[in-house]
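# Coordinates in review
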Amino acid sequence: MKIAQVAPLWFPVPPIDHGGTERVVHDLTNALVDLGHEVTLFAADGSKTNARLIPQGPAIASIPDAPPSMPSAAECVMLDRAAAMADAFDIIHCHTELYHAAVLHPYRHKLCMTIHWRADEADRKAYFSHFDDLAVIAISKSQQGQLPPSNRAGLVHHGIPGNRLAFEPSEEGRLAFLGRMTDQKRPDRAIAIAQAAGLPLDLAGTVDVGNPSYFESHVTPHLSETIRYVGPVNETGKQALLGGATALLFPIDWPEPFGLVMIEAMACGTPVIAWRNGAAPEIVEDGVTGFVVETVDEAVEAVRKARQLDRATIRKRFEERFTAPVMAENYLAAYRRLIEGSARSAGS
């Protein structure tokens, strides 16, 4: 199959220490190549891939004093280039935000998109009320339920390479949090859980550029010898952070569309204690790979029970459900359904 993957332009593919969407695009693209498909990646300069790369200029995040319209301008240029090559592809899979539905509309029979954010807000509702034939491959049942039925073209959970994070169980009697320092991810809730459980906590991730005061007001006052902020982490840092943790705390306060860090913890064999919100209940198998909770008290009890879970089983469930090859095979099945559906429509 000849497949185009169209990435956002904020960061290179893959990003260095943040940018979950670009990392998913990287892993999917390489896995499709490994399965023998001819893949072309449209992405920012500096991207690394096993596919054919068509670079689109510097990543937006790297441009000093970029004007507010720069992301839109760069994305429109990239999509116009993809449209000029559209006849060469069987499938054009866009991970971009909005413009592809208009720019690539003549090729909608081979166009699909993945949304890497929530899909229930007013902008998406207005968008899909018009583009009601745009095929969307959801990343969770939770997200899929936010989409109009006419746009639903399948569901594929994220996956990561099985060898990215190793199963080296070394439980160190501490908890871990990995995510943006923002009210959606609720590191303050993680702090409350750790303090009530009497365990140290390592907080990792970037300070949210859209909400920088949150970190200063809700996290900084609680930092101590046992509640540590370690900043952004790369893959080596993730291994150390997650692999040695008693559990990963995922105390989200928004309809999380997936939650990549949950499967990264599982890859290390580390249990996940997640709030019952968004996709968390379909990613975490309660009592097997972690626990799904609704209150701080429930989370504290789950910390105690986490030590009873079999970490080898957690790793095994990751391998069965959330590796990059599994993700790629599931996307290929969705692509084939789209192609077959288009062929039937053309023949009717």
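Residues numbered from 1 in each chain as written. Predicted model: local features only at pLDDT ≥ 70, side-chain atom pairs only at ≥ 80, totals over all residues. Heavy atoms only, no water.

## Some words on helix α7 (residues 212-219)
Turning to α7, its buried residues number three or more, namely Tyr214, Phe215 and Val219. Taken end-on, α7 shows its buried residues confined to a sector of 100°, consistent with a single buried face. At its buried positions, α7 is contacted by α6 (187-197), β9 (201-204) and β10 (227-231). (Buried < 20%, exposed > 50% of the residue type's maximum accessible area, 1.4 Å probe, protein only. Helix = DSSP H or I, 4+ residues; strand = E, 2+ residues; numbered from the N terminus. Arc of directions from axis to C-beta. Contact = heavy atoms within 4.5 Å.)

## Points about the packing of α6 against α7
In the contact formed by α6 and α7, the axes pass within 10 Å of each other and the chain directions differ by 20°. With respect to α7, the element α6 is oriented roughly parallel. When the axes of α6 and α7 are compared, the crossing they make is right-handed. Between α6, through Pro187, Asp188 and Ile191, and α7, the contact on the second element is made entirely by Tyr214, His218 and Val219. Looking at the contact of α6 with α7, its residues break down into 4 nonpolar, 1 polar and 1 charged. (Axes fitted to C-alpha atoms, helices over the stretch in contact; angles between N-to-C directions. Parallel < 35°, antiparallel > 145°, perpendicular 65-115°, else oblique. Left-handed = near helix turned anticlockwise from the far one by under 90°. Nonpolar A, V, L, I, M, F, W, Y, C, P; charged D, E, K, R; others polar.)

## Observations regarding the side chain of Thr29
Structurally, Thr29 is set in helix α1 (residues 20-34). Contacts of Thr29, omitting those with residues within four sequence positions, involve Gln5, Val39, Leu41, Thr49 and Ala51.

## Describing the packing of aromatic side chains
With the rule as written, the count across this model stands at 7 aromatic pairs. Each ring, one from Trp117 and one from Trp254, has its centre 4.7 Å from the other, and the planes form 50°; the classification is tilted. With Trp117 in the loop between β5 (111-113) and α4 (122-130) and Trp254 in the loop between β11 (247-250) and α9 (260-267), the pair connects residues that are 137 residues apart, well separated along the chain. The exposure class of Trp117 is partly exposed, given its relative accessible area of 32%. Ring pairs connect the aromatic residues Tyr127, Phe128 and Phe131, which therefore count as one cluster. (Phe/Tyr/Trp six-rings, centres within 6.5 Å; stacked < 30°, edge-to-face > 60°.)

## Observations regarding the environment of Glu329
With respect to the helices and strands, Glu329 occurs in helix α13 (residues 324-347). Sequence separation between Glu329 and Leu35 is 294 residues, and the spatial gap between their C-alpha atoms is 8.5 Å.

## A few points about the sheet that holds β9
Reading across from one edge, β10-β9-β8-β11-β12-β13 is the order of the 6 strands in this open sheet, with parallel pairing throughout. Strands at the two margins of the open sheet, each flanked by one partner only, are β10 and β13 (290-293). This sheet shows a mean twist of 20° between the axes of neighbouring strands, independent of strand direction. With 2 bridges joining them, strand β8 (residues 175-178) and β11 adopt parallel strand pairing. Note on β11: the bridge partner recorded for Leu175 is Ala247. Sitting on the sheet, helix α8 (residues 235-243) is in contact with β8, β9 and β11, with an inclination near 140° to β8. On top of the sheet, α9 reaches β8, β11 and β12 (272-275); it is set at about 175° to β11, its chief contact. (Pairing = 2+ DSSP bridges.)

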